[in-house]
Amino acid sequence: MQEVQGCTQQRRMGQSYSSSGTKSVLRSDGTEGGVGFTMVQIVPVIVGSGFSKGLSVDDLGRGFKLNIQSDEETFKPRVFKVDHGRSVFKTGKHASSFCKIMDSDDKIKEHMEIAGHLSVSYGPLISGAGSGTYLSESVKTSRRSTLRYRSRVCHSFAHVKQDDAGVLEPVDDLASMLASNGCASDDIAERYGTKFVDQILFGCQLDVQFSVTSSEDMDLSEIMAKLKGAIGVGPLSVEFSADFARRNEESSHKLSLEISATASGVNFVCPAKPNLEEVVQLIEDFNAESKALQERADQDLEDLKRTDRMTVVGFSLANIADYLTQLSRAEASMLDEKMQSVGECVAAASLWKARLEGAKMERHTVHRYSARERELVLRPYEKQVDAEIARLKKKLKECWEYRKLPLAELVGRITPTKEIPKLDLGGGEENILHGYIGNGFISSPVRLWGSVEEVCYDYEGFTLRNDDGKVKPWMAGRLLEPNEQARVIVAAAETPEKLWLEVQIANHVLNPDVLVTQCQNDPMAPYYDPTKGELFLPEHVRKQVEDYKMRNAVPSFLSKTMLLLGGQGSGKTTLHKKLTGDIGMTSYAMQTCTKMRVSARAQGPAKDLIVVDTPGLGQSIRFDEAMEIRKALITGDVTQIVMVAPLPITCRAEDFIAGIHGNGLDSIMNCDTFKKDKDGIDVTMLKPGSSNEPLKRTQVFLVLTHRDAYESKIRELARLEGERPVFQYQRFVDEVRSRLPFVGPVAIVGPEVSVKWMYDTIVALAGYAKDWNTNYEIPLVECFREFPMSIPRPQNAGLEDILFHARSEIAARAALAREEMSAAVNQKAYDHGNKKISGNYVDMVGPTIDVIFKFLDDSFDECAMDATAKIVGVPLDELWLDASNENEMNARINVLNYVKQVLAAELSAVRGDIARQYPVGGSTAVYKACPQCNTIFLKPTGCDRLGVCGTVLKRDQDHDVPLDTPYRYEYIQDRSDPFRPIRRLKILKGQGDDLAGKDLSGIRRLFRVVQVRIQELVALRLGETEPKSGTQQVSSAGTWGCGATINWLEARVVPHAELVRKGLVPTKDIKELEVCNIPSSMSTPEFMNSLGSEFEVYSRGFEDFGLHTIQNMKLLGEILKPIIQAVVQESSDPPSSQLNAIQASHVKTILLSVQNATA
């Protein structure tokens, strides 16, 4: 309740109770029948979204009873007359706000605003006997935290009018009872209660609830603090939303933010599930509406009363005994005191009951997937928690029974039959309750479940009560160094059993002697150790590991990533959980539970290693799951790919290989990027015996799971044949390697294999890996071709004809590409024949191939778009116009994906043919970078010795053309004669705007806008993701390298994507956004994201200038352009002194977009 100062009536001396709520003042413009101002308590009619009591001005003067029966109404008949001018309306100014995280009992009580003596008969604590939604949504658990915001404004109030002597006139029925000699005060209290509603407050109220839920146990206090700071502040809310999304992207702990809002007394409707930015607007709208209501009440309250805008937001109570001498004020005060004690017991029991029920539900979610954990871990916990909940229910029942006692017993006029209920939390009882909800504590030393020895760490987490009354670790918890200054977490897990294993890993030192080929041929032999697996290392890997051992090298995991691939139900996610301690669902059979890639760090000696889990593969996977796998492979450097697959139950290698083919693992490894060595040479094209033969393609670490089932089947077969079982693992591995060239090291494991052994082998090999970090590139078209994705077939009678014409168009353009390629090769041959090739000769073949590949990619996009428009039945330029219809846009996206999947084979065949004839990777690459400083050089034929890095300038006098000349193409098509279309392709070099794909630029632009607006298109947005690169600068006039002596053969191959970013080959089309409907209210980060991923780097620079929205930019006028130029220059790495061609195009794009943004 809130203390409010009003001029309703003069109060006689009486005891008042207040909660810890915020105090605020209601002032009127005069007094009526009273003298001065007095303090009153406001009781709310709305508490969050879980409790609401509908009152009106007709409830003024009604009685209010505390000691009610189970089904009895709190509000009683009217006590004092309010008709014929006995009620008065007045204006008043009262505003209060609340914004706090519900992380303690005091804050929950403060938000409720209902004092303890009233809470036993009114409010959310009695809703469902303490189990209402308000409490369940308010209490904090190990995976959920709630923040509540409330704003209330009172513009007027009504109160019961007193006569000149300060007396209120009782209603006729009460007057008759008072006149009767036989009437006792107990009869009046029984019928009317001991209090009455003396004041009704009118105004408006906004309630918003923010609930953050984590997929795993975690401390949400930091996130909640940031959320609290972002409420009501537009720029901060945008920043929090971006940070929230980024945290979900980078962490295996997935977070969800659920917001609900309700408003009363205002002329707008709250969205069902608003986002944070909409909440900011709600608060602004509420403030404007409440201000307008206050002004209207001040000007003409009588006119406002005639409308439906007089919404009740609260009321106040007074003691009847203060106005009727027949009743005892002392007894009324004593009743309040007794109900206050009962209310405190009700609040404590209700809140603990809600916490225990929430924790029990969360633990059931965690352990329900394992039958062993359900039986051994969950059931003992639920048994104790259920007993505690039953005890709390019993205590609440005692409170309700005590509340029913007659007034005479409660005030002590007769001997009470019941004692005041109290909840005893002394003697360690409260610590036991905290243990049930995951906040228990055990000081060092601690003995974990299943361990013989104690560990010298403090324990925090879930605990259970022992028979001796003490507590023991149970379920999720963590171990910390017993240091009060620095609370370092040593290990954390979902059960003490797993926690014990993690402690061992945390203190484990990798044993290099285990990393050798090892095979336990006979599981039935007495020396067989089930905690060890089988390991088979290829010869080149064995030599590398032996070299490390001889030099006593320590495995390094810094900046290394291990990626897990596997079929559905293969044990891939289980392996990820074992290596990282990450807890989540695992899949069974052919249903995958991993929908998104999940990254987590390994533990102990490999804590710097990132282990990435990916969606499970099968005969067919969803498009977005395929994009998740592709993104995991091409984002950053990958050190080791671990392919997880189950051993066949038939025990035949042929069946295992067929399974690899069936789930698409071999198809993915057939992508071109996996056939190249670290220098970019396609080793599948090398002849045996060549000098490059030792170079290897990407080889995966194959982890074969389900060893127990495999060995059991072999024993069964041997028993049926009457022979001794033979486990020929080496033969199995050799046959698999002979059929699957991408298989390298092989480990065979089962459920008994220890995590330590896995760290000494699977994990350790990543640490010993030298120069294994690879930046893979999988073009989207290749992903469509090789990944086993399933896209629904569009329903169109002419589908095959449309696809045939699209294939024909790609083939026709491919013919033009081959002609241009042949012209470049012939020119080089001509120059060679005429002895024009020397140290100053610049080869055009490599750059021409880059441009032709771009032309082919653009042609693929254009043909796919054109075919999609025909299938859908709309003109091409209208394909992406109606972005507001999400269902229709999603349907068209599915059609486009299907078309691209069909056409991908055509484009891949053309690209592969050109790549085989004119390789640009490895030693034949045209662009290479200094291996020390990443300065990029263009190779003139014959200039293998580059000399000192930094001596080659942008325009070298020893060469006949600039060495960093960008190449582009010009494509012209004339379809005036549909039977004989004219097509021309020309390769151009030099500066200037990219002429490629001009006809399709508008269509692509609209398509990108659709991608941004529809959240379901995340997968397609991943399709434009570029791999990260380590390059830092491009060689240019006046820019010097590192001074190291470099040779062309030793230089690093520069990927095509990097050449695009550096402007050495054509960039993407500049977006002419004048046709895009971008609102000026859009925030700067959203604006940059809508322009493309390459623009996102500029967001921070604009915000440093205070430009948080497009509208801020529009207000700058003529000075906007130089500010954009400054931001673009400062955002480059390192900052540039002048704009290059790409930066200039970015400035133009941003400027045009701001100028054309809609109001």
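Scoring rules and cut-offs
- Residues numbered from 1 in each chain as written.
- Predicted model: local features only at pLDDT ≥ 70, side-chain atom pairs only at ≥ 80, totals over all residues.
- Heavy atoms only, no water.
- Helix = DSSP H or I, 4+ residues; strand = E, 2+ residues; numbered from the N terminus.
- Buried < 20%, exposed > 50% of the residue type's maximum accessible area, 1.4 Å probe, protein only.
- Contact = heavy atoms within 4.5 Å.
- Areas by Shrake-Rupley, 256 points an atom, 1.4 Å probe, with all protein chains shown as cover.
- Pairing = 2+ DSSP bridges.
- Axes fitted to C-alpha atoms, helices over the stretch in contact; angles between N-to-C directions.
- Salt bridge = Lys/Arg side-chain N within 4 Å of Asp/Glu carboxyl O.
- UniProt positions renumbered as here; feature names shortened; annotations may be inferred.
- 1 Å grid on protein atoms, 1.4 Å probe; cavity = no way out; pocket = protein on both sides within 12 Å on 5 of 7 lines; lining within 4 Å.
- Points joined across faces, edges and corners; volume = space filled by probe spheres on them.
- Core = buried A, V, L, I, M, F, W, Y, C linked by side-chain atoms within 4.5 Å.
- Phe/Tyr/Trp six-rings, centres within 6.5 Å; stacked < 30°, edge-to-face > 60°.
- Parallel < 35°, antiparallel > 145°, perpendicular 65-115°, else oblique.
- Left-handed = near helix turned anticlockwise from the far one by under 90°.
- Nonpolar A, V, L, I, M, F, W, Y, C, P; charged D, E, K, R; others polar.
- Expected span 1.5 Å × (residues − 1).
- Arc of directions from axis to C-beta.
- pLDDT = per-residue confidence, 0-100.

## Things to note about the overall build of the chain
Okay, step 1: Scanning the chain from terminus to terminus reveals 34 helices and 29 strands.
Okay, step 2: The buried share among the 1159 residues of the chain stands at 52%.
Okay, step 3: Restricting to contacts in the chain with at least 6 residues of sequence separation, those with at least 24 account for 73%.
Okay, step 4: Accessible surface, the chain: about 51,700 Å² in total, of which carbon and sulfur atoms supply 50%.

## A short note on the sheet that holds strand E22 (residues 743–748)
Okay, step 1: If you trace the seven strands from one edge of the open sheet to the other, you get E16-E22-E21-E20-E17-E19-E18, paired in mixed fashion. A single partner strand is all that each edge strand has here, and the edge strands are strand E16 (534–536) and strand E18 (598–601). Pairs of neighbouring strands in the sheet enclose a mean axial angle of 25°, with direction left out of account.
Okay, step 2: Of the pairings in the sheet, the one linking strand E21 (residues 700–705) to E22 comprises four bridges and is parallel in character. Across the sheet, Val700 pairs through a bridge with Val743, a residue of E22.

## A few points about the pattern of salt bridges
Okay, step 1: A complete count under the given rule lists 48 salt bridges for this structure.
Okay, step 2: The shortest N-O distance in the salt bridge between Glu711 and Arg715 comes to 4.0 Å. Residue Glu711 and its partner Arg715 are both found in helix H20 (residues 707–721); the two are separated by four residues, about one turn of the helix.
Okay, step 3: With relative accessibility at 33%, the residue Arg715 sits in the partly exposed group.
Okay, step 4: Through salt bridges with shared partners, one network takes in Lys65, Glu72, Lys76 and Glu190.

## Observations concerning the UniProt feature "coiled-coil region" (unreviewed entry) in the chain
Okay, step 1: Taking the numbering used here, the UniProt-annotated feature "coiled-coil region" (unreviewed entry) corresponds to residues 276–307.
Okay, step 2: Taken end to end, residues 276–307 is 91% helix and 0% strand, and its first and last C-alpha atoms sit 33 Å apart.

## Quick notes on empty space enclosed by the protein
Okay, step 1: Tallied over the entire structure, the rule returns three cavities of 30 Å³ or more.
Okay, step 2: There is about 100 Å³ of room inside the largest cavity.
Okay, step 3: Every residue along the wall of the largest cavity is listed here: Ser185, Ala189, Thr194, Ala321, Leu327, Ser328, Glu331, Ala332 and Leu407.
Okay, step 4: When contributions to the lining of the largest cavity are tallied by element, the ones reaching two or more residues are helix H5 (185–192) and helix H10 (329–367).

## Considerations on the packing of H10 against helix H13 (residues 429–436)
Okay, step 1: Running from N to C, H10 and H13 point in directions that differ by 35°, and their axes come no closer than 9 Å. Within the contact between the two elements, H10 uses Trp352, Leu356 and Ala359 and H13 uses Glu430, Leu433, His434 and Tyr436.

## Here we look at the side chain of Lys65
Okay, step 1: Within the fold, Lys65 resides in the loop between strand E5 (62–64) and strand E6 (75–78).
Okay, step 2: Judged by its relative accessible area of 1%, Lys65 is buried.
Okay, step 3: Those residues in contact with Lys65 that sit more than four places away from it in its chain are Glu72, Thr74, Lys76, Ser121, Ala189, Glu190 and Gly193.

## Considering the nonpolar core
Okay, step 1: The biggest cluster of nonpolar side chains holds 132 residues, and the ones touching the most others in it are Tyr122, Phe210, Phe315 and Tyr381.
Okay, step 2: In terms of residue count, the dominant contributor to this core is H10 (14 residues).
Okay, step 3: With residues up to four places along the chain from it excluded, the contact list for Tyr122 reads Val43, Pro44, Val45, Phe51, Lys53, Phe64, Phe75, Ile114 and Phe315.
Okay, step 4: One finds Ile629, Met669, Val746 and Val899 within the second-largest nonpolar core, a separate group that totals 93 residues.

## Let's talk about the sheet that holds strand E15 (residues 489–493)
Okay, step 1: Taken in spatial order, the four strands make up an open sheet running E12-E13-E14-E15, and their pairing is antiparallel. Two strands bound the open sheet, and with one partner strand each, they are strand E12 (440–442) and E15. If you compare each strand with its neighbour and ignore which way they point, the axes differ by 45° on average.
Okay, step 2: Where strand E14 (residues 471–480) lies against E15, four bridges are found, and the strand directions are antiparallel. Among the inter-strand pairings, Gly477 is bridged to a residue of E15, identified as Ala493.

## Section: the packing of aromatic side chains
Okay, step 1: With the rule as written, the count across this model stands at 18 aromatic pairs.
Okay, step 2: Here Phe80 and Tyr323 contribute two aromatic rings whose centre-to-centre distance is 6.1 Å and whose plane-to-plane angle is 70°, an arrangement assigned as edge-to-face. Of this pair, Phe80 sits in the loop between E6 and strand E7 (87–101) while Tyr323 is found in the loop between strand E11 (312–319) and H10, placing the two residues 243 residues apart along the sequence.
Okay, step 3: Taken together, Phe51, Phe64, Phe75, Tyr122 and Phe315 form an aromatic cluster joined through their ring pairs.

## Observations regarding the environment of Pro555
Okay, step 1: With respect to the element layout, Pro555 can be found in the loop between helix H15 (539–550) and strand E17 (561–566).
Okay, step 2: Among the residues examined, Pro555 registers a relative accessible area of 19% and is labelled buried.
Okay, step 3: C-alpha of Pro555 to C-alpha of Ala764: the two residues are 209 residues apart in sequence and 6.7 Å apart in space.

## A word on unusual backbone geometry
Okay, step 1: Residues Ser444 and Pro445 are joined by a peptide bond in cis, for which omega reads 0°.
Okay, step 2: Relative to the elements of secondary structure, Pro445 occurs in the loop between E12 and strand E13 (458–465).
Okay, step 3: Located in the positive-phi region is Glu113, a residue other than glycine, with phi close to 65°.
Okay, step 4: One can find Glu113 in the loop between helix H1 (105–112) and helix H2 (116–119).
Okay, step 5: Take Glu113: its relative accessible area is 1%, and that puts it in the buried class.

## Quick word on the packing of helix H18 (residues 653–662) against helix H21 (residues 729–739)
Each pair of packed helices gets described by two things: the angle between the helix axes and the distance between those axes.
Okay, step 1: The contact between H18 and H21 brings their axes to 10 Å, and the two run at 40°. Overall, the two elements H18 and H21 adopt an arrangement that is oblique. Crossing of H18 over H21 shows right-handed handedness. Contacts between H18 and H21 pair Ala653, Glu654, Phe656 and Ile657 from the former with Phe732, Glu735, Val736 and Arg739 from the latter.
Okay, step 2: Partitioned by chemical class, the residues of the contact of H18 with H21 number five nonpolar, no polar and three charged.

## Some details on H1
Okay, step 1: Within the span of H1, buried status applies to Ile108, Glu110, His111 and Met112.
Okay, step 2: Residue Glu113 follows H1 closely and has a positive phi angle near 65°.

## Describing H15
Okay, step 1: With 12 residues, H15 extends 16 Å between its outermost C-alpha atoms, agreeing within 8% with the 16 Å of an ideal straight helix rising 1.5 Å per residue.
Okay, step 2: Among the residues making up H15, those that are buried are Val541, Val545, Tyr548 and Lys549. Taken end-on, H15 shows its buried residues confined to a sector of 100°, consistent with a single buried face. Turned more than 90 degrees from where H15 packs its buried face, Lys543 and Met550 sit exposed.
Okay, step 3: Looking at the buried positions of H15, the neighbouring elements they touch are E22 and helix H22 (755–768).
Okay, step 4: Backbone geometry just downstream of H15 places Asn552 in the positive-phi region, at approximately 55°.

## Looking at the confidence of the model for the chain
Okay, step 1: Per-residue pLDDT for the chain has a mean of 76; in total, 76% of the residues score no lower than 70.
Okay, step 2: Within the chain, E5 carries the highest mean pLDDT (95), whereas helix H28 (residues 1018–1022) carries the lowest (32).
Okay, step 3: Low pLDDT, under 50, characterises residues 1–39; the predicted model gives this stretch 126 contacts beyond four residues in sequence or across chains.
Okay, step 4: The low-confidence segment residues 1008–1040, where pLDDT is below 50, has 89 contacts with residues more than four positions distant or belonging to other chains.

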